[in-house]
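A structural walkthrough
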Amino acid sequence: MRNTLIILISLFVSSITIGQNQLNNSIGNVLVIQKDNAAQTFTFITDNGTAAVTIVTPDIFRIRIAKKAAPDISYAVVGKTKRCNFDYGEDNEEFFIHTDSLTLRISKYPLRFTFETKEGVVINSDDPAFGTSWINAEVTTYKTLQEGERFIGLGEKTGNLDRRGEAYVNWNTDNPHYDNNTDPIYASIPFYIGIHHGLNYGIFLDNTYRSIFNFGASNDRFSYFSAEDGEMNYYFIYHQSVAGIISSYTWLTGRMEMPPVWALGYQQCRWSYTPDSRVLEVAKTFREKRIPADVIYLDIDYMDGYKIFTWNPETFSNPEKLINDLKSLQFHTAVIVDPGIKVEEGYQAYDEGVAYNHFVKYPDGKLWTAQVWPGWCHFPDFTRPATRRWWGEQFMGYVNLGITGFWNDMNEIATWGQQPPPLIEFDWEGNKTTYRQAKNVYGMEMARSTFEGTKNLMNGRRPLIITRAGFAGLQRYTAIWTGDNQADDQHMLLGVRLVNSLGISGVSFTGSDVGGFGGDATPELFARWMEIGAFTPFFRGHSAINTADAEPWVFGEQTENISRNYIQLRYNLLPYVYTAMHESTLNGMPLNRSLAINYTFDNKVYERAYQNQYLFGRSLLIIPVESNRDSIAVYLPRGDWFDFYTDEKFSGKQELTAGCPIDKLPVFVSAGSMIPMQSPVQSTEEMPSDTLRVHLYQSGADNDYHWDYYEDDGLTYAYQDGKFYERTMIYKAGIDEVVFTPPEGGYKSKFKSIQLVFHGFDNLGEIIKFNGKPRKIIMQSMNFQLAAETPDESHPSTLICPSIVFPNEKDEMVINW
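To keep things clear, this report deals only with the structure shown in the data block. (Residues numbered from 1 in each chain as written. Predicted model: local features only at pLDDT ≥ 70, side-chain atom pairs only at ≥ 80, totals over all residues. Heavy atoms only, no water.)

**Side note on the overall build of the protein chain**
Tallying secondary structure elements over the protein chain gives 13 helices and 54 strands in all. The globule rule puts the C-alpha radius of gyration for 817 residues at 28 Å, and the 28 Å found for the protein chain is close to it. Taking the principal axes of its C-alpha atoms as reference, the protein chain extends roughly 90 × 70 × 50 Å. Carbon together with sulfur atoms contributes 48% to the accessible area of the protein chain, which is approximately 29,500 Å² in total. (Helix = DSSP H or I, 4+ residues; strand = E, 2+ residues; numbered from the N terminus. Rg over C-alpha atoms; globule rule 2.2 N^0.38 Å. Areas by Shrake-Rupley, 256 points an atom, 1.4 Å probe, with all protein chains shown as cover.)

Spelled out as structure tokens, the structure:
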């Protein structure tokens, strides 16, 4: 009787609360609970809707709330529910779900969710008054703001690293004039990580309608995320580390495949290099000036009247010869592709698209038409499987010519006027929806169609796919660049934060246009941007029509030399870069790593003076700096660090001032690191010497440091069938020993020898043993600041380090001293 009375009182109080404002309708009280142990799902039927909780993994819970369930279609999620241990129980007021990782407490009157650690510490909880509720079709989940809570991620968003106090909109938008505070821009990834009291969690909202994420903007009561329509469908992820959350998120939404190795070299682009003779002139100049490069782009002017899948008959009259000439110069060719297909009878892409029902339509069946570069266009419906296949088949002509890179642009959808009618309809895998739901995934599905089509056509070779627009999960198909940036210092640093935020959000292969797309870079700005670009995954120079030429040699001798040296340094670091990209395929860890990933609870890394700093891979700490400064405040996190150029050693957890003349970007190396590097090459087509240099940085800690090294052919998917070379390098600092474990995989390393170079070992001794036998010590000179030049021993950045050379054997190798 007493329990019944409690329930009745709770229902009465809740009904009063709900009745206070009929404009905001909460999910209400639990009426019925249904349990499906096989599906690991618990369904809560309330007086205002239904909430389903699915245990996806011990670390990931799915919360799906709706008034009326819709077809369960996701373009983002590929991870499937895993069988795991869990238990549950309830009392009169709450329902409990426990896994090995966390606990979910579900209050019944009204329905509210509280996520806790196994020890009962609150990780995240619904706002008790509002929880999940609706205003008309818009659905919102309100979360209690924790004291000192920080928020990071959310993909391609401007602003600061810590997003507390800000709000953001997810609505893919072509904005060619964005700045530090513009929102939204090109891509939407509705995934963030919350941080407080030594805890981390992630929330991914899998809803493609226009959504808002508010992290305490204009209020001090709650954070919230909302979608203008559709379900409240989100995934809650808990791990003890941010890296663990990124790993789970990329398991859920998929991970990248290995890019072709040449896509990690330098790439040159302009709107536009035309005619074809100009393209060849630029490529030849790179080779004549010995500035390494691997890719050159053709922007929209290669087409006949901007019509996709065509060639301008006057300025690009013989594309086969052009592509072959570029190949002979060891350049890969990438072409831009836009979704708009010109309305023109007799134009094959248009005729086929109409005949086979591939274009987006109005509700009355008439084809939607909008203006873009070619004029009035129709647009493929990439949410239709048959259209995705058709689009992919259109690339046969490009692939047969030898084109290997495909640049997806204007896919937000960008049109003149920027307002496609919201009622236009999309197939949505046979379930039909409107532009309101399809817009945010359009760009990703275009990139997907391009990727799947070219991959199928290229006979086992890897294509380079890049996109301007995207949604959560885009990393499965494509790289992304940050759109139309501007040639100024603030845009350069904003690009760093955009790339780092994308990395937090599961996208590793990213970059910004080096030198700025709009406006004219100064020689100093271009030089500094080149230095930063060398430590960015997607490394491309690009500039717009009606701006000054922006190749490295046009800015004068000093800027040309700086560009050459830092591009060469990037090529020398390719073994390190390629290994780090392989890690992205395994666990989602990005190449560019915001310090919030590794040093989550160090308040210093969120300060505006230091928020641009990042790790490039596991070892290199990059300090971006404006072009007009010759010194910069640096924060070194915990651990010991070496100046990359001088080997000067510093203790961590300290602030210092670093010099940064225009020819030097501050870079530090984590003590205990092992960094593989190769000899200089002009492109990835050129073989380096047969000796792999592994740079070892001394550590005074009594630790074992494990480092992976990875190779494959760099071109094909044979690595997925075991044709790779991978081994672990272990530095046992406490006993002065390095161990190379036996390699795994069926690929033979291109390096016959290894040169182990010792940095910071002041008391190395006279004898270094390899597999128990003394090895001759070789003093090796190098200059990372002037990587393209012969080391000058009088230069302050020239290092002379002891080293030994030994054969790259297939068995375990042990070096001690």
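Following the structure, the description resumes.
**Some remarks on the packing of helix H3 (residues 276–288) against helix H4 (residues 319–328)**
Interaxial distance between H3 and H4 falls to 10 Å at its minimum, and their mutual angle equals 5°. With respect to their mutual orientation, H3 and H4 come out roughly parallel. Contacts between H3 and H4 pair Asp-276, Val-279, Leu-280 and Ala-283 from the former with Leu-322, Asp-325 and Leu-326 from the latter. Here the contact of H3 with H4 is built from residues that sort into 5 nonpolar, no polar and 2 charged. (Axes fitted to C-alpha atoms, helices over the stretch in contact; angles between N-to-C directions. Parallel < 35°, antiparallel > 145°, perpendicular 65-115°, else oblique. Contact = heavy atoms within 4.5 Å. Nonpolar A, V, L, I, M, F, W, Y, C, P; charged D, E, K, R; others polar.)

**Comments concerning the pairing of strand S12 (residues 138–144)**
Counting buried positions along S12 gives 5 out of 7 residues, so the element sits mostly inside the fold. Across 4 bridges, strand S11 (residues 132–135) lies against S12 in antiparallel orientation. By the bridge assignment for S12, Thr-132 is matched with Thr-141. In this structure, the hairpin formed by S11 and S12 is closed by a connection of 2 residues, where Asn-136 is found at a positive phi of approximately 55°. (Buried < 20%, exposed > 50% of the residue type's maximum accessible area, 1.4 Å probe, protein only. Pairing = 2+ DSSP bridges.)

**What about helix H11 (residues 557–572)?**
Compared with an ideal rise of 1.5 Å per residue, which puts 16 residues at 22 Å, H11 spans 22 Å between its outermost C-alpha atoms and is within 8% of the ideal. Most of H11 sits out of view: 13 of its 16 residues are buried. (Expected span 1.5 Å × (residues − 1).)

**Some details on the packing of aromatic side chains**
Each aromatic ring pair is described using two quantities: the centre-to-centre distance and the angle formed by the ring planes. One pass over the full model with this rule turns up 77 aromatic pairs. With centroids separated by 3.9 Å and ring planes inclined at 10°, the aromatic side chains of Phe-191 and Tyr-249 adopt a geometry described as stacked. Taken together, the residues span a long stretch of sequence, with Phe-191 in strand S16 (residues 191–196) and Tyr-249 in helix H2 (residues 242–253) at a distance of 58 residues. The exposure classification of Phe-191 matches that of Tyr-249, with both residues buried. Aromatic pair Tyr-266 and Phe-539: ring centres 4.9 Å apart, planes at 70°, arrangement edge-to-face. Of the two residues, Tyr-266 sits in the loop between H2 and strand S21 (267–268) while Phe-539 sits in the loop between helix H10 (523–533) and strand S35 (540–541), which places them 273 residues apart along the sequence. A residue is classified by how much of its surface remains accessible, and Tyr-266, at 0% relative accessible area, is buried. Note that Arg-163 overlies the ring of Tyr-168, its terminal NZ or CZ placed 5.1 Å from the centroid. Sitting over the ring of Trp-481, Arg-540 keeps its end group 5.2 Å from the ring centre. (Phe/Tyr/Trp six-rings, centres within 6.5 Å; stacked < 30°, edge-to-face > 60°. Lys NZ or Arg CZ within 6 Å of the ring centre and 35° of its normal.)

**Concerning unusual backbone geometry**
Trans peptide bonds make up the majority, and among non-glycine residues the majority have a negative phi. Backbone torsion omega between Asp-183 and Pro-184 reads 0°, so that peptide bond is classified as cis. Here Pro-184 is to be found in the loop between strand S14 (167–170) and strand S15 (187–188). In this chain, Trp-271 is followed by Ser-272 through a cis amide linkage whose omega measures -5°. Within the secondary structure, Ser-272 sits in the loop between S21 and H3. Positioned with a positive phi, Asn-459 is a non-glycine residue whose angle comes to about 55°. Looking at the element boundaries, Asn-459 is found in the loop between helix H8 (435–457) and strand S30 (464–467). Even without being a glycine, Asp-736 presents a positive backbone phi close to 55°. With respect to the helices, strands and loops of the structure, Asp-736 is situated in the loop between strand S47 (725–732) and strand S48 (737–740). Taking relative accessible area as the criterion, Asp-736 reaches 30% and is therefore assigned partly exposed.

**Observations regarding the sheet that holds strand S25 (residues 370–372)**
Read from one edge to the other, the open sheet built from 3 strands follows the order S24-S26-S25, with strand pairing classed as antiparallel. Each edge of the open sheet is held by one strand with a lone partner, namely strand S24 (341–342) and S25. Where S24 meets strand S26 (residues 375–378), 2 bridges bridge the pair, whose relative direction is antiparallel. Looking at S26, one finds that Lys-342 is bridged to Cys-377.

**Topic: the pattern of salt bridges**
All told, the structure shown has 43 salt bridges when counted by the stated rule. With a shortest N-O distance of 3.7 Å, Lys-432 and Glu-425 are connected by a salt bridge. Notably, a salt bridge pairs Arg-448 with Glu-445, separated by 2.9 Å at the nearest N-O pair. Of the two residues, Arg-448 and Glu-445 both sit in helix H8, 3 residues apart, roughly one turn of that helix. Residue classification places Glu-445 among the buried positions, given a relative accessible area of 0%. Among the ionic contacts, a cluster of salt bridges with common partners joins Asp-174, Asp-409, Glu-412, Arg-468 and Asp-484. (Salt bridge = Lys/Arg side-chain N within 4 Å of Asp/Glu carboxyl O.)

**Remarks on the pairing of strand S18 (residues 211–214)**
Pairing of S14 with S18 involves 4 bridges; the strand directions are antiparallel. Looking at S18, one finds that Tyr-168 is bridged to Phe-213. Two elements, S18 and strand S19 (residues 222–227), share 4 bridges in a ladder whose sense is antiparallel. In the strand pairing of S19, Ser-211 is matched with Ala-227.

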